[in-house]
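# Summary of structural features
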Amino acid sequence: MNDHSAELKKIYSNENFLDDFGRLKNTETQTIYSSAKQMNRFTIATGDLIYNLVSSNAVISSERYAGLIINQNFAMLTRKTDLLDLAYLWFVLNESQTVKHQRHVLMQGSVVPKMPPTVLRQIKLNLPPLEKQRLVGQYYMNFNRYYRLKQQRLELSKKINLQFLDQFS
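Now for a look at the structure at hand. No experiment lies behind these values; they were computed from the predicted model shown.

Conventions we followed
Position numbers for residues count from 1 along each chain, tracking the sequence in the order it is written. In keeping with the predicted nature of the model, local features appear solely for residues at pLDDT of at least 70, side-chain atom pairs appear and are counted solely at 80 or more, and the whole-chain, interface and lining totals rest on all residues. Water and hydrogen atoms play no part in the side-chain values, which are based on all heavy atoms of the structure. Comment: elements are numbered from the N terminus, with helices defined as DSSP H or I runs of at least four residues and strands as E runs of at least two. Under the rule applied, a polar contact is a pair of N or O atoms within 3.5 Å (in protein, one hydrogen donor and one hydrogen acceptor; residues adjacent in sequence only if both atoms are side-chain atoms). Pairs of strands are assigned from DSSP output, requiring at least two bridges between the strands. Here the axes come from fitting lines to C-alpha atoms, over the contacting stretch only for helices, and the angles between their N-to-C directions go from 0 to 180 degrees. Contact definition: two residues touch when any of their heavy atoms are within 4.5 Å. Space inside and on the surface of the protein is sampled on a 1 Å grid over the protein atoms alone, with a cavity defined as a set of points where a 1.4 Å probe fits but cannot get out and a pocket as an open set with protein on both sides within 12 Å along at least 5 of 7 lines; lining residues have an atom within 4 Å of a point. Grid points are joined across faces, edges and corners, and a volume is the space filled by probe spheres set on the points. Think of it as three bins: nonpolar holds Ala, Val, Leu, Ile, Met, Phe, Trp, Tyr, Cys and Pro, charged holds Asp, Glu, Lys and Arg, and polar takes everything else, Gly as well. Type-normalised accessible area, obtained with a 1.4 Å probe on protein chains alone, sets the label of each residue: buried when under 20%, exposed when over 50%, and partly exposed for intermediate values. What counts as a ring pair is set by centres within 6.5 Å for rings of Phe, Tyr and Trp (its six-membered ring), and what kind of pair is set by the plane angle: stacked under 30 degrees, edge-to-face over 60, tilted for all other angles.

Another aspect to go through is the environment of R148. With respect to the helices and strands, R148 occurs in helix α5 (residues 130-166). Between the alpha carbons of R148 and G22 there is a distance of 5.9 Å; along the sequence they are 126 residues apart. Polar contacts involving the side chain of R148 include one to the main-chain carbonyl oxygen of D20, which spans 2.9 Å.

In structure tokens, the structure reads:
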């Protein structure tokens, strides 16, 4: 970096998103910088809900990406009420068939697969009581953690077994 590094901030990339999503691990990612001016509202904090407008998936940002800024492929979702649990919203945006159907209907006629934020704002949610949202959201977080660990275990097992078999070739 040059002498202007104090004026630059790192950008949250698709690789960072996939890492938070649990699909990418232990890879080198290219760091991209942007001007830090007027970027505070686009700066990620640990636990923010980030929506990928291209893949239509959401993640809860991890601590390792706090301080990065999002680009135009992402939307940072904030709640305007305490009657919504962010982990529940994460679950609904990724898994709800109702939300998937609404996205499909709202995107009809579009040739660009990227969802504009205006379409995202039009999605309607029927919210259960907050306590139920918390239970579902916590269960979904735990399930995703369990699923990620199982995937890592399978990948490691495959690597070990292939290395073992390679001895005989």
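Picking up where we left off.
A few words now on the sheet that holds strand β3 (residues 49-52). Strands sit in the order β4-β3-β5 across an open sheet of three strands; the sheet is antiparallel. Among the strands making up the open sheet, the edge pair consists of β4 (57-60) and β5 (74-77). Between one strand and the next, the sheet's axes are offset by a mean angle of 25 degrees, whatever the strand orientation. Where β3 meets β4, four bridges bridge the pair, whose relative direction is antiparallel. Looking across to β4, one finds that N52 is bridged to N57. Relative to the sheet, helix α2 (residues 86-95) contacts β3, β4 and β5, its axis offset from that of β4 by approximately 155 degrees.

Taken as a whole, the largest pocket encloses approximately 750 Å³ of empty space. Around the largest pocket, the lining is made up of 22 residues, and of these M76, L77, T78, L120 and R121 lie nearest the centre. If you list the elements that add at least two residues to the lining of the largest pocket, you get β5, α2 and α4 (117-121). For the lining of the largest pocket, the class distribution of residues is 14 nonpolar, three polar and five charged. One number sums up the size of the second largest pocket: a volume of about 620 Å³. Taken together, 23 residues line the second largest pocket, and the ones lying closest to its centre are D20, F21, W90, N144 and R148. For the lining of the second largest pocket, the secondary-structure elements that each account for two or more residues are α1 (14-21), β4, α2 and α5. With nine residues, α5 is the single largest residue contributor to the lining of the second largest pocket.

So, about the pairing of β5. Where burial is concerned, the two faces of β5 agree: the one with F74 and M76 and the one with A75 and L77 are both buried. In terms of strand pairing, β3 meets β5 through four bridges, oriented antiparallel. Paired with Y51 across the two strands is A75, which belongs to β5.

So, on to the packing of aromatic side chains. Across all of its chains, the model carries eight aromatic pairs by this definition. Residues Y12 and F74 carry aromatic rings whose centres are separated by 5.3 Å and whose planes lie at 75 degrees to one another, so their mutual orientation is edge-to-face. With Y12 in the loop between β1 (8-10) and α1 and F74 in strand β5, this residue pair connects regions lying 62 residues apart in the sequence. By relative accessible area, which is 6% here, F74 ends up buried. Measuring from ring centre to ring centre gives 4.8 Å for W90 and Y140, while their planes differ by 70 degrees; the resulting arrangement is edge-to-face. Here the residue W90 occupies a position in helix α2, and Y140 occupies one in helix α5, the gap between them amounting to 50 residues. Exposure remark for Y140: the relative accessible area of 7% places this residue in the buried category.

The next subject is the side chain of D19. Take D19: it is sitting in helix α1. According to the relative accessible area criterion, D19 is buried, its value standing at 9%. Looking at D19, its side chain comes within polar contact range of the side chain of R64, at 2.7 Å. A distance of 2.6 Å separates polar atoms of two side chains, one belonging to D19 and the other to Y65.

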